[in-house]
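Summary of structural features
Here are the chains, one letter per residue:
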Amino acid sequence: MSKNIEIKQGIVAGIKEKFEKAKTVVLVDYRGLTVAEVTDLRNQLRKAGVEYAVLKNTMISRAIEGMGLDDMKAHLEGPTAVAFSYEDIAAPAKILTEFAKKNKNLTVKCGACEGNYLDEKGVQAIADLPSREVLIARIMGSMMSQVSRFARVVEAIRKKEAGEE
């Protein structure tokens with residue numbers, strides 16, 4: 001086996017490993033972005049703990065074989081950059097869709113979440129999810145409203161029995 005083939009097989013194995021480990025993957029076409037725009041995007045992704053890489057379509061195609069992501073292959077045309085998130089499911093979708101709204105040269109192609117293929121609308125749906133902090137605040141707020149309602153009922157019963165009404 002030639003040295004070149006071994007190198008390519010190693011690259012494909014590395015990409016496959018990233019797809020397997022990532023909670024969310026988003027593929028974008030970055031054609032037309034300036035160096036400054038790409039730098040800004042990379043910085044935003046890095047701050048969110050998202051790995052961003054420009055990868056060859058043939059390498060991505062080989063890496064995702066047998067992973068149930070065959071629908072993704074239809075989007076492997078033109079320049080492709082991939083954002084891998086290993087922690088926050090929504091981070092790459094939120095950052096990339098928001099960036100695409102401001103920069104028409106960035107196009108979200110597709111993605112995958114927990115090993116399931118997502119079309120562009122699926123990526124947008126994940127981007128629209130509230131953040132973890134917002135969800136926790138909503139849960140805490142609904143729990144507190146139940147607790148305060150219970151406290152008012154108990155206080156009303158106490159007043160009634162004490163003849164304070």
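So, here is what we can say about the structure in this document. Owing to the predicted nature of the structure, the values given are computational and were not obtained by experimental measurement.

1. A closer look at the nonpolar core
One finds Val28, Leu41, Leu45, Tyr52, Leu96 and Leu106 to be the most contacted residues of the largest nonpolar core, which totals 24 residues. With 6 residues, the single largest contributor to this core is helix α4 (residues 91-102). In this view, Leu41 contacts Tyr52, Ile95, Leu96, Phe99 and Leu106; residues no more than four positions away in its chain are not counted. Ranked by size, the runner-up nonpolar core spans 19 residues in total, among them Ile15, Ile64, Leu76 and Cys110.

2. Quick notes on the sheet that holds strand β4 (residues 107-113)
In space, the 5 strands of this open sheet follow the order β2-β3-β1-β4-β5, with antiparallel pairing throughout. The sheet terminates laterally at β2 (50-55) and β5 (116-118), the two strands that pair on one side only. The sheet shows a mean angle of 20 degrees between the axes of neighbouring strands, taken without regard to direction. Sheet topology places β2 next to strand β3 (residues 80-85); 6 bridges connect them, and they run antiparallel. Across the sheet, residue Tyr52 finds its bridge partner in β3, namely Ala83.

3. Some words on the packing of α4 against helix α5 (residues 120-127)
Direction vectors running N to C along α4 and α5 enclose 105 degrees, while the axes themselves pass 8 Å from each other. As the angle between them shows, α4 and α5 are arranged roughly perpendicular. Contact residues: Ala93, Lys94 and Thr97 in α4; Val123, Gln124, Ile126 and Ala127 in α5. Partitioning the contact of α4 with α5 into residue classes produces 4 nonpolar, 2 polar and 1 charged.

Cut-offs used in this document
Residues numbered from 1 in each chain as written. Predicted model: local features only at pLDDT ≥ 70, side-chain atom pairs only at ≥ 80, totals over all residues. Heavy atoms only, no water. Core = buried A, V, L, I, M, F, W, Y, C linked by side-chain atoms within 4.5 Å. Buried < 20%, exposed > 50% of the residue type's maximum accessible area, 1.4 Å probe, protein only. Helix = DSSP H or I, 4+ residues; strand = E, 2+ residues; numbered from the N terminus. Contact = heavy atoms within 4.5 Å. Pairing = 2+ DSSP bridges. Axes fitted to C-alpha atoms, helices over the stretch in contact; angles between N-to-C directions. Parallel < 35°, antiparallel > 145°, perpendicular 65-115°, else oblique. Nonpolar A, V, L, I, M, F, W, Y, C, P; charged D, E, K, R; others polar.

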